[in-house]
Amino acid sequence: MTAIINPYRLEQRLHWRNRMAHWRAQPGESVFHALAWAVLCVVAVALLWQSWPRLLEGLELAIMRWPSALLLVAVLILTQWQALALQAQRQRWARHWLIAQPIAESRRRRVLIEQALIRAGLQMLAGGVVLAGTRAAVPNVSIWIGLVLLATVLGWQGARRSARKRATAMPRATVWLASGRGSLSRWQISAAMASLAPRSMSRLLWLLLLVPTGDWTAFMFAAVVLALGIAVAAWSRMLAVLPAAQAWLTPQPLPPRRLLQSCVLLPLMLLLSVAAALMALFTALGSARLCLPILAALLLLATLHWACTAAERRRPRRIGLLFTTQVLVLAAMAQAVALLVLPLWIAQMLWLLKRAVRT
């Protein structure tokens, strides 16, 4: 009797086998990446170890003051996480090279269930480790496990309902349709405007739970939170154009310098607009001193994010790791010698831009 083969699992095993063979074929590069991961983990653990007591104190205080709000926020975040992950897997399968094969829907459903259970287990483990150090650890951990299970079920149902709606009617993905001569700037504008579409805006509504109840200042705070969420989504979509453009224009004899110059103006304008808006807001609130370090951190991290995207535009999966590594190095330097943060940032930018121009 022949065994039933799951093609997606087989593909994953072959993918990891090829990756292991590539690592063995290039031992120098593999050792370097392993050391980089080790340094990254050591720095992250050191930073977490230093701030762990304060994080636990803040968490205990939040649990005591706003238990209902924290429960609601946790359920919404976990549910959104599960639903978005399931939807993303469905979208990957829709573009997969195995889409033409007669694969039963039960196979895909089984894979989705396994992935959802793995995410739920990781969420239980992470939350249980954090809540184990708080007061009333046993009730807190028990409630957390229940919340994770509830969010897993709700996320599964939400993903199924979203898939049925998407099959019957395609929602509008953007509020601005580009026309005329095509350019990377128009592509970035269209991608940024997609963050204003109703479907994208609905994913930001959970940010309203962070708004405290009160007078008109609470509504102002809600507007600021939503505006920042939209700006972050537009920034991410603009930067995602760079790897997509690189993959699309690779056969063309386009110099890397020209590609980077075409994709830097609009993100820079968005960054400066957000910085100007935050400066005006903090000035109106009489907190100009607090504005300067926040704006400095925003500008440093945003430009570093763009440089990491430009440097790894041919390998988009490495962008997150590269950016996280650079941020942790900056954070470690800020705690050790704060005066060397700016020179270190300049060195990082020069190194990343040099890699971006050469690739």
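Residues numbered from 1 in each chain as written. Predicted model: local features only at pLDDT ≥ 70, side-chain atom pairs only at ≥ 80, totals over all residues. Heavy atoms only, no water.

Asker: Outline the overall build of the protein, supporting the account with residue identities and numerical values.
Answerer: When its secondary structure is counted, the protein shows 13 helices and zero strands. The N-to-C order of helical and strand elements in the protein reads α-α-α-α-α-α-α-α-α-α-α-α-α. Surface accessibility of the protein: about 23,200 Å² in total, with carbon and sulfur atoms responsible for 71%. (Helix = DSSP H or I, 4+ residues; strand = E, 2+ residues; numbered from the N terminus. Areas by Shrake-Rupley, 256 points an atom, 1.4 Å probe, with all protein chains shown as cover.)

Asker: If you had to explain the nonpolar core to someone new, which residues and values would you point to?
Answerer: Core analysis: the largest hydrophobic core is formed by 38 residues, its most contacted members being W235, L259, W306 and L352. Those elements that place two or more of their residues in this core are helix 6 (184-193), helix 8 (216-249), helix 9 (256-262), helix 10 (265-284), helix 11 (288-311), helix 12 (319-336) and helix 13 (341-358). Per element, the largest residue contribution to this core is 10 residues, and it comes from helix 11. In contact with L259, other than residues within four places in its own chain, are L184, L242, A245, Q246, L249, L254 and R313. (Core = buried A, V, L, I, M, F, W, Y, C linked by side-chain atoms within 4.5 Å. Buried < 20%, exposed > 50% of the residue type's maximum accessible area, 1.4 Å probe, protein only. Contact = heavy atoms within 4.5 Å.)

Asker: Could you give an account of helix 2 (residues 27-65), naming the residues involved and the relevant values?
Answerer: In this model helix 2 runs 53 Å from its N-terminal to its C-terminal C-alpha over 39 residues, within 8% of the 57 Å that 1.5 Å per residue would give. Maximum bend of helix 2: about 50 degrees, positioned at S51, with proline P53 one to four residues after it. Every buried residue belonging to helix 2 is among L40, L47, S51, L56, E60 and A62, and all of these are buried. Its buried side turned inward, helix 2 meets helix 3 (67-94), helix 4 (105-131) and helix 12. (Expected span 1.5 Å × (residues − 1). Bend = angle between axes of the 7 residues up to and from the residue.)

Asker: Can you lay out the packing of aromatic side chains for me, pointing to particular residues and giving the numbers?
Answerer: In this description, an aromatic ring pair is defined by two values, namely the gap between the centres and the angle between the planes. Tallied over the full model, the rule gives one aromatic pair. Ring geometry for W16 versus W23: centroids 6.4 Å apart, planes at 70 degrees, classification edge-to-face. By relative accessible area, W16 is classed as partly exposed at 41%. What makes W23 partly exposed here is its relative accessible area of 38%. The lysine or arginine in question, R19, covers the ring of W16, its NZ or CZ lying 4.8 Å from the ring centre. (Phe/Tyr/Trp six-rings, centres within 6.5 Å; stacked < 30°, edge-to-face > 60°. Lys NZ or Arg CZ within 6 Å of the ring centre and 35° of its normal.)

Asker: Now, about the environment of I346: what can you tell me, with residues and values included?
Answerer: One can find I346 in helix 13. For I346, a relative accessible area of 41% corresponds to the partly exposed category. Spatially, the C-alpha atom of I346 lies 9.6 Å from that of L304, the residues being 42 residues apart in sequence.

Asker: Which residues make up the confidence of the model for the protein, and what values go with them?
Answerer: Overall, the predicted model of the protein reaches an average pLDDT of 80, with 86% of residues at or above 70. Mean pLDDT across the secondary structure elements of the protein bottoms out at helix 7 (residues 198-202), with 60, and peaks at helix 13, with 90. (pLDDT = per-residue confidence, 0-100.)

Asker: Could you give an account of the packing of helix 11 against helix 12, naming the residues involved and the relevant values?
Answerer: Two numbers describe how helix 11 lies on helix 12: the axes approach to 9 Å, and their chain directions differ by 140 degrees. By crossing handedness, the relation of helix 11 to helix 12 is classed as right-handed. Here L301, L304, H305, C308, T309 and A311 of helix 11 lie close against helix 12, whose contacting residues are I319, L322, F323, Q326, V327 and L330. Within the contact of helix 11 with helix 12, the residues separate by chemical class into nine nonpolar, three polar and no charged. (Axes fitted to C-alpha atoms, helices over the stretch in contact; angles between N-to-C directions. Left-handed = near helix turned anticlockwise from the far one by under 90°. Nonpolar A, V, L, I, M, F, W, Y, C, P; charged D, E, K, R; others polar.)

Asker: Tell me about the pattern of salt bridges, residues and numbers included.
Answerer: Scanning the model with the defined rule gives three salt bridges in all. R9 is paired through a salt bridge with E114; the nearest N and O atoms lie 2.1 Å apart. Note that R9 is positioned in helix 1 (residues 7-25) and E114 in helix 4, a separation of 105 residues in sequence. Between R355 and E312 there is a salt bridge, with the nearest N and O atoms lying 2.3 Å from each other. On the criterion of sequence distance, the pair formed by R355 in helix 13 and E312 in the loop between helix 11 and helix 12 is long-range, its members being 43 residues apart. Looking at R355, the relative accessible area reads 21%, which means it is partly exposed. Taking relative accessible area as the criterion, E312 reaches 4% and is therefore assigned buried. Each of E312, R315 and R355 takes part in one network of salt bridges that share partners. (Salt bridge = Lys/Arg side-chain N within 4 Å of Asp/Glu carboxyl O.)

Asker: Break down helix 6 for me, with residues and values.
Answerer: L184, Q188, A191 and A192 are the residues of helix 6 that are buried. Buried positions in helix 6, seen along its axis, are confined to an arc of 95 degrees and lie on one side of it. (Arc of directions from axis to C-beta.)

Asker: Tell me about a nonpolar patch on the surface, and please be specific about residues and values.
Answerer: Together, I5, L10 and L14 make up a nonpolar patch on the protein surface, roughly 250 Å² of accessible area in all. In this fold, L14 is placed in helix 1. Given the relative accessible area of 36%, L14 is considered partly exposed. (Patch = residues over 30% accessible without salt bridge, like charges linked within 9 Å, V, L, I, M, F, W, Y side chains within 5 Å.)

Asker: Explain the packing of helix 12 against helix 13 residue by residue, including any values.
Answerer: It is the contact of helix 12 with helix 13, at a shortest axis distance of 9 Å, that shows an interaxial angle of 160 degrees. By the angle class used here, helix 12 and helix 13 are roughly antiparallel. The way helix 12 lies across helix 13 gives a crossing that is right-handed. For the pair helix 12 and helix 13, the contacting residues are L322, Q326, V329, L330, M333 and A334 in the first and V341, L344, W345, Q348, W351, L352 and R355 in the second. (Parallel < 35°, antiparallel > 145°, perpendicular 65-115°, else oblique.)

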